[in-house]
Amino acid sequence: MRDADLEEIRALSLFRDMDLDHFAELMRGAYHQSFPAQVTLIEEGRAADFLHIVTEGAVELFAGWKDRETTLAVARPVSTFILAACINDAPYLMSARTLVPSRIVMIPGSDLRTAFARDAAFAQAIVRELSGCYRSVVRHTKNIKLRTSKERLAAFFVSEAEKAGQKLTYDLPFEKRVLASYLGMTPENLSRALRQLKDDGVVVDGTRVTINDMKRLQEIALTGPLIDGSSFSANSTP
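Please read all numbers here as calculations on a predicted model, not as lab measurements.

K.L.:
Got a minute to help me understand the overall build of the protein chain in this structure?
P.N.:
Looking only at helices and strands, the protein chain has 9 helices and 11 strands in total. Scaling as 2.2 N^0.38, a compact globule of 238 residues should have a C-alpha radius of gyration of about 18 Å, and the protein chain matches this with 19 Å. Principal axes of the C-alpha set define a box for the protein chain whose edges measure 55 × 40 × 30 Å. By the burial criterion, 46% of the 238 residues in the protein chain qualify as buried.

K.L.:
Any chance you could explain the sheet that holds strand S4 (residues 59–65) here in plain terms?
P.N.:
Consider a sheet: its strands pair through backbone hydrogen bonds, and that pairing is either parallel or antiparallel. Here we have 4 strands laid out as an open sheet, ordered S2-S7-S4-S5, and antiparallel in their pairing. Two strands lie at the open edges of the sheet, namely strand S2 (40–42) and strand S5 (68–75), each paired on one side alone. The average undirected angle you get between the axes of adjacent strands in this sheet is 35 degrees. Summarising the sheet, S4 and S5 pair through 7 bridges and their orientation is antiparallel. The residue of S5 that forms the bridge with Val59 is Ala75.

K.L.:
Could you clarify how one ought to interpret the packing of aromatic side chains in this entry?
P.N.:
What characterises a pair of aromatic rings is the spacing of the ring centres plus the angle enclosed by the ring planes. Tallying each qualifying case throughout the model produces 5 aromatic pairs. Among the aromatic residues, those joined into a cluster by ring pairs are Phe15, Phe23 and Phe122. It is Arg10 that lies over the ring of Phe23; its NZ or CZ is 5.2 Å from the centre. Here the basic side chain of Arg97 rests over the ring of Phe62, its NZ or CZ set 3.7 Å away from the ring centre.

K.L.:
Quick question: what am I supposed to make of the pattern of salt bridges here?
P.N.:
It is possible for side chains of opposite charge to pair when their charged atoms get near one another. Scanning the entire structure with this criterion turns up 19 salt bridges. A salt bridge links Arg46 to Glu43, with the shortest nitrogen-to-oxygen separation between them at 3.4 Å. Among the residues examined, Arg46 registers a relative accessible area of 52% and is labelled exposed.

K.L.:
Explanation requested: the pairing of strand S8 (residues 102–108) in the structure shown.
P.N.:
The side chains of a regular strand alternate between both faces of the sheet. Counting buried positions along S8 yields 7 of 7 residues, so the element is predominantly enclosed. Here S8 shows a buried face lined by Ser102, Ile104, Met106 and Pro108 and a second buried face lined by Arg103, Val105 and Ile107. Where strand S1 (residues 31–35) lies against S8, 5 bridges are found, and the strand directions are antiparallel. Paired with Ser34 across the two strands is Arg103, which belongs to S8.

K.L.:
Can you walk me through the pairing of S4 in this structure?
P.N.:
Of all 7 residues in S4, 5 are buried, a share of seventy percent or more. If you look at the hairpin formed by S4 and S5, you'll find 2 residues sitting between the two strands, and Lys66 has a positive phi there, around 55 degrees. For S4 and strand S7 (residues 95–98), the ladder comprises 4 bridges, and the chain directions are antiparallel. Looking at S7, one finds that Val59 is bridged to Thr98.

K.L.:
It is not clear to me how the side chain of Asp119 should be interpreted in this structure. Could you clarify?
P.N.:
Along the polypeptide, Asp119 turns up in the loop between helix H4 (109–118) and helix H5 (120–146). Here Asp119 sits buried without a salt bridge, and the closest side chain of opposite charge, Arg10, lies 7.0 Å off (N-O distance). From its side chain, Asp119 meets the backbone nitrogen of Asp19 in a polar contact 2.9 Å long. Excluding residues that lie within four positions of it along the chain, Asp119 makes contacts with Met18, Asp19 and His22.

How each quantity is defined
Residues numbered from 1 in each chain as written. Predicted model: local features only at pLDDT ≥ 70, side-chain atom pairs only at ≥ 80, totals over all residues. Heavy atoms only, no water. Helix = DSSP H or I, 4+ residues; strand = E, 2+ residues; numbered from the N terminus. Rg over C-alpha atoms; globule rule 2.2 N^0.38 Å. Buried < 20%, exposed > 50% of the residue type's maximum accessible area, 1.4 Å probe, protein only. Pairing = 2+ DSSP bridges. Axes fitted to C-alpha atoms, helices over the stretch in contact; angles between N-to-C directions. Phe/Tyr/Trp six-rings, centres within 6.5 Å; stacked < 30°, edge-to-face > 60°. Lys NZ or Arg CZ within 6 Å of the ring centre and 35° of its normal. Salt bridge = Lys/Arg side-chain N within 4 Å of Asp/Glu carboxyl O. Lys, Arg positive; Asp, Glu negative; His and termini not counted. Polar contact = N/O pair within 3.5 Å; in protein donor to acceptor, adjacent residues only side chain to side chain. Contact = heavy atoms within 4.5 Å.

The structure is reproduced here in C-alpha cells:
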C-alpha cells in the first residue's frame, strides 16, 4: 500500500490514536484494490470478513426485502463501512456496491478484532465511531419520519451546499435514483419535490444544483443539530 494511502487512513479518527506498531501490523494484512462501477462488494447475510475503507469513488449501502430495495447510506472518501458487523463477527445487515469506479481498502475482520482486544486507544476510538454511527442512524430516521418529501430534499440540498464549502452551485454526488431511495421517496415523489422547490429558487439541471435563495431553503427544511448532521456521508457508515 502506498505511503500516501496509509497516511490518509491513519488520519481517520478510528486509527489516529492507535499504537503505531499495532497500526502497521493491521495494515500489513490489508488490501487496496480498484473496482469498476456497479460491482457488489458485500452481500447482506454473509459473514463480515472485512472492514472496508473508501479512498476514491463512492459506495452505495443498500438492503432488499422480497422484490423491494432501498438505499441506506452512501460511503464517500475517506470513510469506513461496515464496522459494527466486523467487530461483532456478525453477518452484514446491508449489501454494498460501487456507484462509480472506486478504490477500496479491505482490512480482515479477524485482524481488526485482534487489534481491538490489544489496543486500548483503538478500542475507545471504535466505541466513539459506533456511537457516532448510531446517532447518525437516529438523525436519518427522524429525517425520514418527521419531514415531508419537500422538506427532506431541501435539507439535503442545504447539507450538500455546506459540504461544498457554502457553494450555491454544485453537482449532485450521485444519480437521482439513489437520492430518491435514500430519502425514502419514489422517483415520482422526488420529481414532484424538485418541481415544488423550483418555485423556492432551486434549479436542478441534470446533476447541476443551483440555489438562488439559501435562506428560503433553510426555512423550508427547518435545519437543526438534533435532526441534521453528517448522516449522509461520515467517516464511518453503519
